[in-house]
Amino acid sequence: MKRRTFVKNAVLGSFAAIIGTELVFGSKMPYGYTPLALQETDPFKLFNKNKEMVVLNDKPWNIEAQAHLLDDKITPNSSMFIRNNGLVPENINPKKWTLTIDGESVKNKKTYTLAELKSKFQQHTYQLTIECGGNGRNEFDPPAKGNQWTVGAVHCASWTGVRLRDVLEDAGIKKDAVYIGFHAIDQHLSGDPKKEPISRGCPMFKALQDETILAFKMNGEEIPLAHGYPLRLVVGGWPASVSGKWINRISVRNIVHDGEKMTGSSYKVPCKPVAPGEKVKDEDMCIIESMPVKSIVTYPKTGATLKKDSSLKIRGHAWAGELEVTKMEYSIDFGATWKSCTIEKPVNRLSWQHFSASINFPKAGYYEVWAKATDAKGVSQPMLTPGWNPKGYLNNACHRIAVKIV
Ligand SMILES: Nc1nc2c(c(=O)[nH]1)N[C@H]1C(S)=C(S)[C@@H](COP(=O)(O)O)O[C@H]1N2
Ligand SMILES: [Mo]
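Residues numbered from 1 in each chain as written. Chains lettered and ligands numbered in written order. Predicted model: local features only at pLDDT ≥ 70, side-chain atom pairs only at ≥ 80, totals over all residues. Heavy atoms only, no water.

Structural notes on the overall build of the protein
Next, step 1: Within the protein, the secondary structure is distributed over five helices and 24 strands.
Next, step 2: Since a compact globule built from 406 residues should have a radius of gyration of about 22 Å, the 24 Å found for the protein is in line with a globular shape.
Next, step 3: Across the 406 residues that make up the protein, the buried fraction comes to 50%.
Next, step 4: Of the roughly 19,400 Å² that the protein leaves accessible, carbon and sulfur atoms contribute 53%.
Next, step 5: Of note, the protein has its 54 positive side-chain charges centred 4 Å away from the centre of its 41 negative side-chain charges. (Helix = DSSP H or I, 4+ residues; strand = E, 2+ residues; numbered from the N terminus. Rg over C-alpha atoms; globule rule 2.2 N^0.38 Å. Buried < 20%, exposed > 50% of the residue type's maximum accessible area, 1.4 Å probe, protein only. Areas by Shrake-Rupley, 256 points an atom, 1.4 Å probe, with all protein chains shown as cover. Lys, Arg positive; Asp, Glu negative; His and termini not counted. Charge placed at Lys NZ, Arg CZ, Asp CG, Glu CD.)

Shown next as structure tokens:
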């Protein structure tokens, strides 16, 4: 009794010190209660994000990077966009966490603890590009509903985990398997425990690739809570919505997975191109698979002012879904002429590739630097917003930055 009162007084004292005044009825406060004034609502502190990240929505949290924040070769947590469809889970106990493999097309339904996953299967580390299908949505006209992502809903972190293939093969895959679907513990915004905010997946060929992993580490550390702690499916090169966070179940399906946001028009584009603003029936929409070729200039920051006598060294990253980027170019005359950049090979398949170029400007004035990537099949980024679609997905138009030479 004595000890409890002592702890309480000490806690009250520290609360008062932080709030900056006395908690008048503090002694009446229920044990373990946190005063509202102390509940963390600053997303930058809450998620350890750079102050220059841009909050698009707080219910649920959706936060994007600016291009210059993505300059690192491996994206640090502080610059990684966050996209949530529901609520970020709380009070996760990793010791009690399990992953169940089930579904019509699994031979033996199996449940693994995290410790079992880590010890039973070989661990692999890959740098994987994950881009939200809606990245660039803000440029579509007529506008599409949803988070108005500009350029910052992409990251390439280093993920460590076990291959989904190894785990699925351990449980046994039936011949009729066509798709996997993930299930996660995040709650639907309505609070209804029967509703899932999102439950997506991919065809077996993608699920069985070497780089498709069940990750428990990001950039060498535990995955930050907002990015899927303690277990995340990572499916590089496909819309990020396939990379399920906080997953506790994977179903091996004998049909195209029909979970939340797999049906209707979610993460789908018209199977054939349509005119801007046209209505498209759900049955004429196709599921997005590999993401298109794209790039981003991460240095300098748009709006930079430079002296005429020095050449400008630009740099950034390029990626192309399942494919490699084979050519990278820049233009300083609005796309009239293009010059080549140096493009590095990917560290591993599905990792973004780094490019750079030294630019000499003919005279002082205002310029735009445009960047254009080309993939292994010879497909290049369009200079203008491509293929309007009702949900505003897959905008892979050339990124551009403004530069003033004085
Ligand atoms: N469980 C769960 N997984 C999820 C989501 C979610 O809301 N819940 N959002 C998806 C979407 S739409 C995106 S773009 C990515 C975002 O990953 P990030 O927040 O780690 O950047 O997670 C995907 N995985
Ligand atoms: Mo997304």
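Having seen the structure, we can now continue with the description.
Looking at the sheet that holds strand S21 (residues 342–343)
Next, step 1: Pairing is antiparallel across the open sheet formed by four strands, whose spatial order is S16-S18-S22-S21. The sheet terminates laterally at strand S16 (294–299) and S21, the two strands that pair on one side only.
Next, step 2: Of the pairings in the sheet, the one linking S21 to strand S22 (residues 353–359) comprises two bridges and is antiparallel in character. Paired with isoleucine 343 across the bridge in S22 is phenylalanine 355. (Pairing = 2+ DSSP bridges.)

Things to note about the site of ligand 1
Next, step 1: Looking at ligand 1, there are 19 residues lining it, with Phe81, Asp186, His227, Arg232 and Lys245 nearest.
Next, step 2: Contacts to ligand 1 include asparagine 85, whose backbone N or O atom sits 2.7 Å from an oxygen atom.
Next, step 3: Take aspartate 186: an N or O atom from its side chain is 2.7 Å from a nitrogen atom of ligand 1.
Next, step 4: For ligand 1, whose unbound accessible area comes to 530 Å², protein coverage reaches 100%. (Near = heavy atom within 4 Å. Polar contact = N/O pair within 3.5 Å; in protein donor to acceptor, adjacent residues only side chain to side chain.)

Structural notes on the state of the cysteines
Next, step 1: Overall, the coordinates contain one disulfide when judged by the stated rule.
Next, step 2: The side chain of cysteine 271 participates in a disulfide bridge whose partner is cysteine 286; the two sulfur atoms lie 2.1 Å from each other. As the torsion about the S-S bond is roughly 105°, the cysteine 271-cysteine 286 disulfide counts as right-handed. Of this pair, cysteine 271 sits in the loop between strand S14 (268–270) and strand S15 (285–287) while cysteine 286 sits in strand S15; the two residues are 15 residues apart in sequence, bridging distant segments of the chain.
Next, step 3: For cysteine 271, a relative accessible area of 41% puts it in the partly exposed group.
Next, step 4: Taking relative accessible area as the criterion, cysteine 286 reaches 33% and is therefore assigned partly exposed. (Disulfide = S-S within 2.5 Å.)

Quick notes on the nonpolar core
Next, step 1: If you look at the biggest cluster of nonpolar residues, it comprises 73 residues, and the most contacted ones within it are Ile101, Trp159, Leu214 and Ile250.
Next, step 2: Excluding residues that lie within four positions of it along the chain, isoleucine 250 makes contacts with Leu99, Thr100, Ile101, Asp102, Leu164, Leu168, Ile180, Gly181, Leu214 and Leu233.
Next, step 3: Listed in part, the 22 residues of the second largest apolar core include Val297, Val325, Met328 and Tyr330. (Core = buried A, V, L, I, M, F, W, Y, C linked by side-chain atoms within 4.5 Å. Contact = heavy atoms within 4.5 Å.)

Digging into the pattern of salt bridges
Next, step 1: Evaluated as defined, the whole model comprises 16 salt bridges.
Next, step 2: The salt bridge involving glutamate 131 is made with lysine 294; its shortest N-O contact spans 2.8 Å. Here the residue glutamate 131 occupies a position in strand S6 (residues 123–131), and lysine 294 occupies one in strand S16, the gap between them amounting to 163 residues. Per residue, the accessibility class of glutamate 131 equals that of lysine 294, and both read buried.
Next, step 3: Here lysine 345 ties to glutamate 324 by a salt bridge, and the two come within 2.9 Å at their closest N and O atoms. With a gap of 21 residues between them, lysine 345 in the loop between S21 and S22 and glutamate 324 in the loop between strand S18 (312–319) and strand S19 (325–331) connect regions that are remote in the sequence.
Next, step 4: Among the residues examined, lysine 345 registers a relative accessible area of 62% and is labelled exposed.
Next, step 5: The partly exposed category is assigned to glutamate 324, whose relative accessible area is 28%. (Salt bridge = Lys/Arg side-chain N within 4 Å of Asp/Glu carboxyl O.)

In short, the description is geometric, and any link to function would need to be established separately.
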